[in-house]
Amino acid sequence: MVRGAAGVDVVVIGAGQAGLSSAYHLARAGIGYVVLDHAPRPGGAWQFRWPSLTYGKVHGMHSLPGMELTDADPGRPSSAVIGEYFAAYEDRFGLRVRRPVHVTAVRGGGSDGRLRVETSAGTWSARALINATGTWDRPFWPRYAGQETFRGRQLHTANYPGPQEFAGARVLVVGGGTSAVQHLLEIAEVAAGTTWVTRRPPVFRDGSFGEAEGRAAVALVDERVRQGLPPQSVVSVTGLPLNEAVREGLASGVLDRRPMFDRITPTGAAWADGRQVEADVILWATGFRAAIDHLAPLHLRESGGGIRVEGTRAVRDERIHLVGYGPSASTVGANRAGGAAVREIRRFLERGAAGAGSAEGTHGADRTDTRRPDPVPSAQPA
C-alpha cells in the first residue's frame, strides 16, 4: 500500500444500497474490508435526486438488512430521507466507509494474486473486490443529427433541477421510463407546453405486480448478463406502473407519446414526414449505463459489451463481484446480492487461506487485515 493505507481482504466500491448491504454482510462474516465512496456524504445516488422527488413518489424502496426504514414523511425529499437513513445505518453498524475517495482503476495479475485498487487516496491491496458503483455517474446521452445546432437548453435526468426552472418553457422530454413520466407530470403544471417522444410505445402496467412477476422480470435481465450483454434495468422489463397520477396524465394528454424524431433542429425537432415541434428545452430522460470503467484493466468485458456474471461473480475473474449490476439493480435485489456475494467471497478466501498455509501474510505492507470489524448488534427497528 501507499500513503499508509493498510491491505484488506475485500474492497467495496460504492456506498449506496448495494455497497452498504455488502459491508453489513462482510462485517457479520468477520471479513476485513473497507468501503470507498466517491460521494461527499452518505446517501448513495439518492443524495443527488431533485428536490421534487419526494419519498412518497419513490418506486419500491426496500430497507437495508438489519435496520428498517420506518415512519418516513412521504412529503420530504427522497434525497433527505434516504440520505439520513443511510447515514444512521453506517453509524449503527460501524461500517467502514471512506469518502470522498475516487477509484480510478482496479488492476490484477500481481505475483501475490492480490488486486490493486488505485484511488485519489492511495492504492489499496485486496484479495477480492465488490463493485457496487451503480449507474448514476454514467448518464446516457443518445446522439441525433442536428443535436449540436439546437439553440435552447439540453439537460439530462442526472442534472434535472425540478420543475420550477421550466416555467413558461416549451419542453421536449425524451425517454420511455419512469423518470420521463415523473418529469412530464411535474413540468406540465408550469411549462408553456410539453412533448413526449420515445423509441418504443410505452407499456403501462395495470394491476398488482407480485412475486411471480418480479421473478420473471429479474430472470430476463439475468439472462442478458449471463450472455455477457450490457444489462437492462429491472424496471425496463416490468412496464410503467399505472397509478392515479399517470391515469390523469393520460386523460389530460400530457402523456400522449410521439414516436422518436428523426433530427434535431435549431428550434426543436423534426420528423421525416414533415412534422416539427418547437422547443426551448430538451430533457433527455434516457437512462444510465453501468459505471464500471475503472474495471477496464481487468479485461472483464465480453464481445457483447457487458461483463458476464454468474450470480454476482465475474466469470473472467472470481475475485470480482458485481452487486447492483443487472438483475440486482434494485433495492431489494441489491440487498440479496450483497449477502450472496459475501457468502461466495468467504468460500473463496477460505480456499485461498487453506492453500497458502503458513506462507500467507508475508507481503509486508500488503499484509491482509483480518481483524473483525466492530461487532454488529442484533437487528432493531429504526
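From a predicted model like this one, the values you see are computed outputs, not experimental measurements.

Participant: Now, about helix α5 (residues 244-252): what can you tell me, with residues and values included?
Facilitator: You can read the cap of α5 off the contacts: a side-chain oxygen lies 3.2 Å from the backbone nitrogen of Ala245, and it is on Asn243. Gly253, located one to two residues past α5, shows a positive phi value of around 95°.

Participant: Account for the layout of surface pockets, naming residues and giving values.
Facilitator: Counted as a void, the second largest pocket has a volume near 470 Å³. As for the second largest pocket, its lining consists of 21 residues, of which Gln182, Leu185, Asn243, Ala245 and Val246 are closest to the centre. Every element with two or more residues in the lining of the second largest pocket is listed here: α3 (178-187), β11 (240-241) and α5. Its residues assigned to classes, the lining of the second largest pocket shows 10 nonpolar, seven polar and four charged.

Participant: Which residues make up the sheet that holds strand β9 (residues 193-198), and what values go with them?
Facilitator: Pairing is parallel in the open sheet, where five strands are placed in the order β7-β16-β8-β9-β12. The outermost strands of the open sheet, each flanked by one partner alone, are β7 (153-156) and β12 (257-259). Strand-to-strand twist across the sheet, computed as the mean angle between neighbouring axes with direction ignored, equals 25°. Looking at chain direction, strand β8 (residues 170-174) and strand β16 (residues 281-284) are connected through four bridges and run parallel. The residue of β16 that forms the bridge with Leu172 is Ile282.

Participant: With reference to specific residues and values, describe the pairing of β9.
Facilitator: Pairing between β8 and β9: five bridges, direction parallel. Residue Arg170 lies in a different strand from β9, and its bridge partner there is Gly193. For the handedness criterion, the β-α-β arrangement of β8, α3 and β9 is classed as right-handed. Looking at chain direction, β9 and β12 are connected through three bridges and run parallel. The residue bridging Val197 from the neighbouring strand is Arg258, located in β12.

Participant: Just give me the short version of the pairing of β16, but keep the residues and values in it.
Facilitator: Neither face of β16 is exposed, since Val281 and Leu283 on one face and Ile282 and Trp284 on the opposite face are all buried. In the sheet, β7 pairs with β16 via four bridges, with the strands oriented parallel. In the sheet register, Arg153 faces β16, and the bridge partner there is Val281.

Participant: Outline the pattern of salt bridges, listing residues and values.
Facilitator: Going through the model one piece at a time under the given rule, you end up with 18 salt bridges. One salt bridge connects Arg127 with Asp9, and the closest N-O pair in it is separated by 3.4 Å. Of this pair, Arg127 sits in strand β6 (residues 122-131) while Asp9 sits in strand β1 (residues 7-13), and the two are 118 residues apart along the sequence. Across this residue pair, the class does not change: Arg127 and Asp9 are buried. Close ionic contact of Asp293 with Arg301 constitutes a salt bridge, the shortest N to O distance being 3.9 Å. Given the relative accessible area of 51%, Asp293 is considered exposed. Exposure remark for Arg301: the relative accessible area of 42% places this residue in the partly exposed category. Through salt bridges that share partners, Asp37, Glu90 and Arg99 make up one connected network.

Participant: Describe the packing of aromatic side chains, and please don't skip the residues or the numbers.
Facilitator: If you walk through the whole model with that rule in mind, you get 12 aromatic pairs. Aromatic pair Trp50 and Tyr160: ring centres 5.2 Å apart, planes at 85°, arrangement edge-to-face. Of this pair, Trp50 sits in the loop between β2 (33-36) and α2 (78-92) while Tyr160 sits in the loop between β7 and β8, and the two are 110 residues apart along the sequence. Each member of the pair, Trp50 together with Tyr160, is buried. For the ring pair Tyr144 and Trp284, a centre distance of 6.1 Å and an interplane angle of 15° mean the geometry is stacked. Residue Tyr144 is located in the loop between β6 and β7, and its partner Trp284 is located in strand β16; the two are separated by 140 residues in the primary sequence. By the ring-pair criterion, three or more aromatic residues cluster together here, those being Tyr24, Tyr85, Phe86, Tyr89 and Phe93. For the cation-ring pair, Arg96 lies above Tyr33, with the distance from its terminal atom to the ring centre recorded as 5.7 Å. We note Arg289 situated over the ring of Phe140; from NZ or CZ to the ring centre the distance is 3.9 Å.

Participant: Can you lay out the nonpolar core for me, pointing to particular residues and giving the numbers?
Facilitator: Ranked by size, the top nonpolar core spans 39 residues in total, and within it Val10, Met61 and Ile130 carry the most contacts. Elements that contribute at least two residues to this core include exactly β1, α1 (17-29), β2, α2, β6 and α6 (331-356). In this structure, Leu36, Leu129, Leu295 and Val309 belong to the second largest nonpolar core, which totals 25 residues.

Participant: Quick rundown of unusual backbone geometry? Include the residues and the values.
Facilitator: Between Arg99 and the following residue, Pro100, the backbone shows a cis peptide bond with an omega angle of -10°. Residue position: Pro100 is located in the loop between β3 (97-98) and β4 (103-107). Even without a glycine there, the phi angle at Asp71 is positive, about 55°. Mapping Asp71 onto the fold places it in the loop between β2 and α2. Look at His299: it is not a glycine, yet its phi comes out positive at around 55°. Among the secondary structure elements, His299 is positioned in the loop between β16 and β17 (309-310). His299 gets classed as exposed once you look at its relative accessible area, which sits at 62%.

Here is what the cut-offs are and how they apply
- Residues numbered from 1 in each chain as written.
- Predicted model: local features only at pLDDT ≥ 70, side-chain atom pairs only at ≥ 80, totals over all residues.
- Heavy atoms only, no water.
- Polar contact = N/O pair within 3.5 Å; in protein donor to acceptor, adjacent residues only side chain to side chain.
- Helix = DSSP H or I, 4+ residues; strand = E, 2+ residues; numbered from the N terminus.
- 1 Å grid on protein atoms, 1.4 Å probe; cavity = no way out; pocket = protein on both sides within 12 Å on 5 of 7 lines; lining within 4 Å.
- Points joined across faces, edges and corners; volume = space filled by probe spheres on them.
- Nonpolar A, V, L, I, M, F, W, Y, C, P; charged D, E, K, R; others polar.
- Pairing = 2+ DSSP bridges.
- Axes fitted to C-alpha atoms, helices over the stretch in contact; angles between N-to-C directions.
- Right-handed = clockwise from strand over helix to strand, strands pointing away.
- Buried < 20%, exposed > 50% of the residue type's maximum accessible area, 1.4 Å probe, protein only.
- Salt bridge = Lys/Arg side-chain N within 4 Å of Asp/Glu carboxyl O.
- Phe/Tyr/Trp six-rings, centres within 6.5 Å; stacked < 30°, edge-to-face > 60°.
- Lys NZ or Arg CZ within 6 Å of the ring centre and 35° of its normal.
- Core = buried A, V, L, I, M, F, W, Y, C linked by side-chain atoms within 4.5 Å.

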